[in-house]
Amino acid sequence: DAKTTQPPSMDCAEGRAANLPCNHSTISGNEYVYWYRQIHSQGPQYIIHGLKNNETNEMASLIITEDRKSSTLILPHATLRDTAVYYCIVSYTYGQNFVFGPGTRLSVLP
Amino acid sequence: ETGVTQSPTHLIKTRGQQVTLRCSSQSGHNTVSWYQQALGQGPQFIFQYYREEENGRGNFPPRFSGLQFPNYSSELNVNALELDDSALYLCASSLVGTGPGLASYEQYFGPGTRLTVT
């Protein structure tokens, strides 16, 4: 079973920030938080990952709470092309066995 | 940098037949993982290959088998196909290091092979 829980769906207005939450209360000290997204049955696309510090790249920001039991993926200016299923995964770096949950279906609305 | 590629893109087989799916890993990567994604669900881990050996397996029967070749490309074989094997099969590659300073952070997925079993 997935070690994460996410809301099944969210809407966001185009141009606004999309904030996608993820709970991972049983995360262990050596497990990273990864975010992927999947657009209409294409292969999942890597977005960002982190261990305990907040991370930012050209696609998104990842905010991890101090107790590491939850995180938020932030898409700063959502576009229609960001409509996808977003998966939050916790995993060790070595011997990765990604356990995907059902994810959050994000709909960006014009 | 060459991304992960998979072949074929689509495949239709009959129940009881055997199928082989292929994956070329991203340049510089040494580890390949296979996932099965049924319609409307998240991908499910089948197994992973590292240095040509199976390095972890999910809850899939032995009729799902694989190979990894010296160039790190990989095959997924499924025998005695069942209707429930109809799914999108995804391959993901990553770099797993064995020394300090090297670590695997992200897996890069291919576009998948859509298998339909009739």
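See the structure above.
Summarised in this report is the structure supplied together with it.

Secondary structure summary: chain B contains zero helices and 11 strands in total. Taking the principal axes of its C-alpha atoms as reference, chain B extends roughly 50 × 25 × 25 Å. Buried positions account for 47% of the 118 residues belonging to chain B. Long-range contacts, defined here as pairs at least 24 residues apart, represent 56% of the contacts in chain B between residues at least 6 apart.

Right, let's get into the overall build of chain A. Counting secondary structure elements, chain A contains zero helices and nine strands. Starting at the N terminus and ending at the C terminus, chain A contains elements arranged as β-β-β-β-β-β-β-β-β. Computed over the C-alpha atoms, the radius of gyration of chain A is 13 Å, within 12% of the 13 Å expected from 2.2 N^0.38 for a compact globule of 110 residues. The principal-axis extents of the C-alpha atoms in chain A amount to approximately 40 × 30 × 25 Å.

All names here are of chain A. If you walk across this open sheet you meet the four strands as β2-β7-β6-β5, and the pairing is antiparallel. Two strands lie at the open edges of the sheet, namely β2 (18-23) and β5 (55-56), each paired on one side alone. Looking at chain direction, β5 and strand β6 (residues 61-64) are connected through two bridges and run antiparallel. Paired with threonine 56 across the bridge in β6 is serine 61.

Let us now look at the environment of valine 19 of chain B. Relative to the helices and strands, valine 19 of chain B is located in strand β3 (residues 19-24). Considering only alpha carbons, one finds valine 19 of chain B and alanine 38 of chain B, 19 residues apart in sequence, at a separation of 17 Å.

Before going further, it helps to spend a moment on the state of the cysteines. Taken as a whole and assessed by the stated rule, the structure comprises two disulfides over all chains. Note that cysteine 23 of chain B is cross-linked by a disulfide to cysteine 91 of chain B, the S-S spacing being 1.7 Å. Taking the sign of the S-S torsion, about -50° here, the bridge from cysteine 23 of chain B to cysteine 91 of chain B comes out left-handed. Here cysteine 23 of chain B, found in strand β3, pairs with cysteine 91 of chain B, found in strand β9 (residues 87-94); they are 68 residues apart in sequence, far enough to count as distant. Assessed through its relative accessible area of 3%, cysteine 23 of chain B is described here as buried. Cysteine 12 of chain A forms no disulfide, and the closest cysteine sulfur to it belongs to cysteine 22 of chain A, at a distance of 18 Å.

The next thing to look at is the pairing of β6 of chain A. A regular strand carries its side chains on alternate faces of the sheet. Residues and elements named next belong to chain A. Two successive antiparallel strands, β5 and β6, enclose a turn made up of four residues. In this sheet, strand β7 (residues 70-75) lies alongside β6 in antiparallel orientation, the contact comprising four bridges. In the strand pairing of β7, isoleucine 64 is matched with serine 71.

Moving on to the pattern of salt bridges. Residue and element names in this part refer to chain B. Enumeration according to the criterion identifies six salt bridges over all chains in this entry. In this structure, the salt-bridge partner of arginine 63 is glutamate 82, at a minimum N-O distance of 3.3 Å. On the criterion of sequence distance, the pair formed by arginine 63 in the loop between β6 (53-57) and β7 (64-68) and glutamate 82 in the loop between β8 (74-78) and β9 is long-range, its members being 19 residues apart. With a relative accessible area of 16%, arginine 63 lands in the buried category. When its relative accessible area of 40% is taken as the criterion, glutamate 82 is described as partly exposed.

Before going further, it helps to examine the sheet that holds strand β8 (residues 84-91) of chain A. All names here are of chain A. With mixed pairing, five strands are arranged side by side in an open sheet as β1-β9-β8-β3-β4. Of all strands in the sheet, those with a lone pairing partner are β1 (9-13) and β4 (45-50), marking the two edges. Strand-to-strand twist of the sheet, defined as the mean angle between neighbouring strand axes without regard to direction, takes the value 25°. In the sheet, β1 pairs with strand β9 (residues 104-109) via five bridges, with the strands oriented parallel. Bridge pairing in β9 places cysteine 12 opposite valine 108.

Generally speaking, soluble globular proteins have nonpolar side chains that are buried together. By size, the foremost hydrophobic cluster in this structure holds 21 residues, and its most contacted members are Trp35, Leu73, Tyr86 and Leu106 of chain A. Looking at this core, the elements that each hand over two or more residues are β2, β3 (32-38), β4, β6, β7, β8 and β9 of chain A. Here the element with the most residues in this core is β8 of chain A; it accounts for four residues. Among the nonpolar cores identified, the runner-up in size contains 19 residues, and Val4, Cys23, Trp34 and Tyr89 of chain B belong to it.

Conventions we followed
- Residue numbering note: each chain is counted from 1, following its sequence as written.
- Each chain is given a letter, starting from A, and each ligand a number, starting from 1, according to the order in which they appear as written.
- For a predicted model such as this one, the threshold for reporting local features is a pLDDT of at least 70, and the threshold for listing and counting side-chain atom pairs is 80 or more; totals across whole chains, interfaces and linings nevertheless cover every residue.
- Each side-chain value is worked out from all heavy atoms of the structure, with water and hydrogens disregarded.
- Strands are runs of DSSP state E lasting at least 2 residues, helices are runs of H or I lasting at least 4, and numbering of each runs from the N terminus.
- Categorising residues by exposure relies on relative accessible area from a 1.4 Å probe, with only protein chains included: less than 20% of the type maximum marks a residue as buried, more than 50% marks it as exposed, and the intermediate range marks it as partly exposed.
- For this analysis, residues touch if any pair of their heavy atoms sits within 4.5 Å.
- The size measure is the radius of gyration over C-alpha atoms, and the globule rule it meets is 2.2 Å times the number of residues to the 0.38 power.
- At least two bridges found by DSSP between two strands is the condition for calling them paired.
- What counts as a disulfide here is a pair of cysteine sulfur atoms lying within 2.5 Å.
- One side-chain nitrogen of Lys or Arg within 4 Å of one carboxyl oxygen of Asp or Glu is enough to make a salt bridge.
- Under this scheme, a helix contributes an axis fitted over its contacting stretch, all axes are lines through C-alpha atoms, and angles between N-to-C directions fall in the 0 to 180 degree range.
- By nonpolar core is meant a set of buried Ala, Val, Leu, Ile, Met, Phe, Trp, Tyr and Cys residues that side-chain atoms within 4.5 Å join together.

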